[in-house]
Amino acid sequence: MNRTYVLSKVKSKQEAIAEAEKLNLTDNPFLVFLVGNLYSDFDNKKALHQFETALDLAKTMANKNVIRKNMERLRSKTN
């Protein structure tokens, strides 16, 4: 996950997403949430889908609240 984040800063969000998808960790709420953040601002529909998946996977209320806040922020940008 750290490598994915660094790639997004050094290269591009698209390259980081491609690398994250290679990991095939679709059951990891943190990676799914990170991919959602990477999609933010260039494909908000995919970002929201990733956030919804992360929300379903998240185990703690604190994590769910962070995800919900990001979803609200993204929705407010698109409206």
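Described below are features of the structure shown in this document. (Residues numbered from 1 in each chain as written. Predicted model: local features only at pLDDT ≥ 70, side-chain atom pairs only at ≥ 80, totals over all residues. Heavy atoms only, no water.)

## A few points about the overall build of the chain
Here comes step 1: Scanning the chain from N- to C-terminus turns up five helices and zero strands.
Here comes step 2: N-terminal to C-terminal, the α/β element order of the chain is α-α-α-α-α.
Here comes step 3: Here the C-alpha atoms of the chain give a radius of gyration of 12 Å, agreeing with the 12 Å that 2.2 N^0.38 yields for 79 residues.
Here comes step 4: Judged by the C-alpha coordinates and their principal axes, the chain covers about 30 × 30 × 15 Å.
Here comes step 5: Looking at the chain residue by residue over its 79 residues, the buried ones come to 34%.
Here comes step 6: By sequence separation, contacts in the chain at least 24 residues apart represent 43% of the contacts at least 6 residues apart.
Here comes step 7: Accessible surface for the chain amounts to roughly 5,300 Å². Of this, 53% is attributable to carbon and sulfur atoms.
Here comes step 8: If the 14 positive side-chain charges of the chain are averaged to one point and the 9 negative ones to another, these points end up 4 Å apart. (Helix = DSSP H or I, 4+ residues; strand = E, 2+ residues; numbered from the N terminus. Rg over C-alpha atoms; globule rule 2.2 N^0.38 Å. Buried < 20%, exposed > 50% of the residue type's maximum accessible area, 1.4 Å probe, protein only. Contact = heavy atoms within 4.5 Å. Areas by Shrake-Rupley, 256 points an atom, 1.4 Å probe, with all protein chains shown as cover. Lys, Arg positive; Asp, Glu negative; His and termini not counted. Charge placed at Lys NZ, Arg CZ, Asp CG, Glu CD.)

## Quick word on the nonpolar core
Most often, soluble globular proteins keep nonpolar side chains buried together rather than apart.
Here comes step 1: Formed by 20 residues in total, the largest nonpolar core has its most connected members in Phe51, Ile67 and Met71.
Here comes step 2: For this core, the secondary structure elements donating two or more residues are α2 (13-23), α3 (29-39), α4 (44-57) and α5 (61-78).
Here comes step 3: Residues contacting Ile67, with those up to four places away along its chain left out, are Phe33, Phe51, Ala54, Leu55 and Ala58. (Core = buried A, V, L, I, M, F, W, Y, C linked by side-chain atoms within 4.5 Å.)

## Here's the deal with the packing of aromatic side chains
Here comes step 1: Scanning the entire structure with this criterion turns up two aromatic pairs.
Here comes step 2: Aromatic side chains Phe33 and Phe51 sit 5.3 Å apart centroid to centroid with 40° between the ring planes, which places their arrangement in the tilted category. Taken together, the residues span a long stretch of sequence, with Phe33 in helix α3 and Phe51 in helix α4 at a distance of 18 residues.
Here comes step 3: Seen in terms of ring centroids, Tyr39 and Phe42 are 5.8 Å apart; in terms of plane orientation they differ by 40°. Their pairing is tilted. (Phe/Tyr/Trp six-rings, centres within 6.5 Å; stacked < 30°, edge-to-face > 60°.)

## Quick look at the environment of Asp27
Here comes step 1: Considering the arrangement of structural elements, one finds Asp27 in the loop between α2 and α3.
Here comes step 2: The class of Asp27 is exposed, set by a relative accessible area of 58%.
Here comes step 3: C-alpha of Asp27 to C-alpha of Ala54: the two residues are 27 residues apart in sequence and 8.5 Å apart in space.

## Observations concerning the pattern of salt bridges
When the charged atoms of two side chains lie near each other, side chains of opposite charge can form a pair.
Here comes step 1: Counted by the stated rule, this structure contains four salt bridges.
Here comes step 2: A salt bridge links Asp41 to Lys77; the shortest N-O distance between them is 3.0 Å. Of this pair, Asp41 sits in the loop between α3 and α4 while Lys77 sits in helix α5, and the two are 36 residues apart along the sequence.
Here comes step 3: Given a relative accessible area of 51%, Asp41 falls into the exposed group.
Here comes step 4: The salt bridge involving Arg75 is made with Glu52; its shortest N-O contact spans 3.6 Å. (Salt bridge = Lys/Arg side-chain N within 4 Å of Asp/Glu carboxyl O.)

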